[in-house]
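# Residue-level structure breakdown
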Amino acid sequence: MSHVYLIGFMGAGKSTVGELLARRMGLPFVDLDAEIEREAGMPVRRIFETSGEEGFRAAEERALHAISEQPRAVVACGGGIILREDNRHLLRTSGTVVYLAVSAPEALARIGDVSGRPLLVGDAKGMATSILDARLSLYRVTAHHTVDTHGRSAEEVAEEVARALGSHEDRVIPVATDRSYEVILGRDILSDLGSRVASLLRPSSAVVITDAVVAELFSATVEASLAAAGVPVSAVLTVPPGESSKTWARAGELLDGCVASGLDRGGVVVALGGGVIGDLAGFVAAVYMRGVPVVQVPTTLLAQTDSAIGGKTAVDLPGGKNLAGAFWQPSLVLADTATLDTLPDAEWSNGLAEVVKTALLAGSDSLARLEKAAPHLAVRDEAAVRDAVEMCVRHKASVVSGDERDAGVRESLNLGHTLGHAIELLAGFSGIAHGEAVAEGLVFALALSHDVLGMPDAVLARVESLLDTLGVRRVDRRWPADEVRHAMSRDKKSSSGRPRFVLLEELGRSTVMEVDEETLMRALLAWSRQERRRA
Ligand SMILES: NC(=O)c1ccc[n+]([C@@H]2O[C@H](COP(=O)([O-])OP(=O)(O)OC[C@H]3O[C@@H](n4cnc5c(N)ncnc54)[C@H](O)[C@@H]3O)[C@@H](O)[C@H]2O)c1
């Protein structure tokens, strides 16, 4: 469980601030020293006298381990907790660590009577200064956030801690459909999966469906988390990575795997991976025993921002992509942004193109925010990543809620995809990443929006520059206009050979329409000759 740990020197105010913070956050408060005293049946001072500092540190380590496995709480830690490397690791991995900074003289002034402090016997001032000097760097490397307490009241410090935590807290985004569910977005929350699944569904067992790359990275954490929460994992079914696994045959093998594992109607499928796994495992869940719950655990930027939300599941057929599938809403989506740390640059770039698409659909504020965050997002800064994923999830949630079965407004999510699909088709689905094709398609859709709806050209220039800042790769290749036009007719989304385009009347206001042949061919010729590309 993801605790809030307060660390810092004695007198920093960990207990007082901790209690205020716990009340504010609606969480239990735990004083680790009090836990140690309760366990040992004697005060800290006596533990030092009978077992020495080493004995106390051992008891402290045991208490921290025990607390780390308890339900979420605000935990005030002893000043020396950071001395052991194992403790530092456990603190950082089982919660968010806040260092309350205080100087030695101020700490002493706050403590007053030092007789209960075994480390300060003798020259209290000298001891306090040298102990704090020795620990300072350890506090800093352990903390996710530092809050200076100098000259501030406990209430003021609690308020600043709450603010700092806000940037680290999980965000919960509801998706209102026939079967409503939540998207939980946060960092290092994969190990919370088991308790969330257990409390939501109380499943008889779970089958995890994943690909070989993702299995290597995250399957152990997911299995351990489910098992610890009392959800037996009856099988981890692994397919090779990539689109080639999204087939009817592979879905059949996975269904057989579910039968062999004994998964019953009270069980759950956990889809752990990118959009391929989300679509494939979602489809398996939709048809297994006429439907068992699926929990989506997306691990690519594209899946966290787009494919895991909305309940579209599918496999590809020899005749085309996503030609067989079902609408099957997940029971829960858990998006851990820490899983994105290992994502290769090419996959990152694929997701970024969809983020730009969403900002255009969400409106001018979203686009302006994304432009501001772009340099940070390009280097995967945590706060920027989380904001971008949240913007996309909120937008998709609102669109899906209004059009669960893809009969209207949801079509707007295809912005940039008409040209994008055509050039993927012309490239034979190799050598061009989906994100590159979408980026090109976005720029084309904006040019067409200008020609047909009078959308200002300046937006196009902004988007080209945004794509550059984000480092989204662009398609260099060009195909003749008539070949692109022909490929557009072959797209399954075109009605009787006439392609449909999502165009923008203005930022945040899209419309889906067919475009007259002459205008379309003129725009395609300009694209093909790169006439509109910036120098
Ligand atoms: N259902 C929908 O609404 C929807 C929407 C958009 C796209 N899609 C589908 O999504 C699919 C594309 O999804 P994708 O781009 O996520 O591809 P993907 O699932 O193939 O993942 C891309 C690659 O990244 C690897 N990977 C995944 N997570 C990783 C991690 N955390 N670290 C390192 N490597 C990791 C995978 O093993 C794979 O090789 C397509 O099939 C598309 O049709 C569905």
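Please read all numbers here as calculations on a predicted model, not as lab measurements.

### Examining the overall build of the protein
Within the protein one finds 20 helices and 16 strands. A principal-axis box enclosing the C-alpha atoms of the protein has dimensions of 90 × 55 × 35 Å. Here the protein holds 535 residues, and the buried ones make up 53% of them. Contacts in the protein between residues far apart in sequence, at least 24 positions, make up 76% of those at least 6 positions apart. For the protein, the accessible area works out to roughly 22,400 Å², and carbon and sulfur atoms hold 51% of it. Side chains of the protein give 56 positive and 72 negative charges; the mean places of these two sets differ by 2 Å.

### A short note on the packing of helix 17 (residues 434-453) against helix 18 (residues 457-470)
With their axes 9 Å apart at the nearest point, helix 17 and helix 18 run at an angle of 170° to one another. When the axes of helix 17 and helix 18 are compared, the pair comes out roughly antiparallel. Touching Ala439, Val443, Leu446, Ala447 and His450 of helix 17 are Asp457, Val459, Leu460, Val463, Glu464 and Leu467, all from helix 18.

### Points about the side chain of Gln304
Mapped onto the secondary structure, Gln304 falls in helix 12 (residues 301-307). Looking at Gln304, its side chain comes within polar contact range of the main-chain oxygen of Pro298, at 3.0 Å. Those residues within four positions of Gln304 in sequence are excluded, and the remaining contacts are Pro298, Thr299, Ile309, Ala335, Asp336, Thr337, Thr339, Leu340, Val389 and Val393.

### Structural notes on the packing of aromatic side chains
Enumeration according to the criterion identifies four aromatic pairs in this entry. Look at Trp248 and Phe283: their rings are 6.0 Å apart centre to centre, the planes differ by 40°, and that puts the pair in the tilted class. Here Trp248 is found in helix 10 (residues 248-261), whereas its partner Phe283 is found in helix 11 (residues 275-287), with 35 residues between them in sequence. Using a relative accessible area of 54% as the deciding quantity, one classes Trp248 as exposed. Phe283 sits in the buried class, given a relative accessible area of 7%. When the centroid spacing of 6.2 Å and the interplanar angle of 50° are considered together, the rings of Phe444 and Phe501 count as tilted. Of this pair, Phe444 sits in helix 17 while Phe501 sits in strand 15 (residues 500-506), and the two are 57 residues apart along the sequence. Here the two residues Phe444 and Phe501 agree in accessibility, since each one is buried. Over the aromatic face of Trp328 sits the side chain of Arg179, whose NZ or CZ is 4.6 Å from the ring centroid.

Reading the values: rules and limits
Residues numbered from 1 in each chain as written. Predicted model: local features only at pLDDT ≥ 70, side-chain atom pairs only at ≥ 80, totals over all residues. Heavy atoms only, no water. Helix = DSSP H or I, 4+ residues; strand = E, 2+ residues; numbered from the N terminus. Buried < 20%, exposed > 50% of the residue type's maximum accessible area, 1.4 Å probe, protein only. Contact = heavy atoms within 4.5 Å. Areas by Shrake-Rupley, 256 points an atom, 1.4 Å probe, with all protein chains shown as cover. Lys, Arg positive; Asp, Glu negative; His and termini not counted. Charge placed at Lys NZ, Arg CZ, Asp CG, Glu CD. Axes fitted to C-alpha atoms, helices over the stretch in contact; angles between N-to-C directions. Parallel < 35°, antiparallel > 145°, perpendicular 65-115°, else oblique. Polar contact = N/O pair within 3.5 Å; in protein donor to acceptor, adjacent residues only side chain to side chain. Phe/Tyr/Trp six-rings, centres within 6.5 Å; stacked < 30°, edge-to-face > 60°. Lys NZ or Arg CZ within 6 Å of the ring centre and 35° of its normal.

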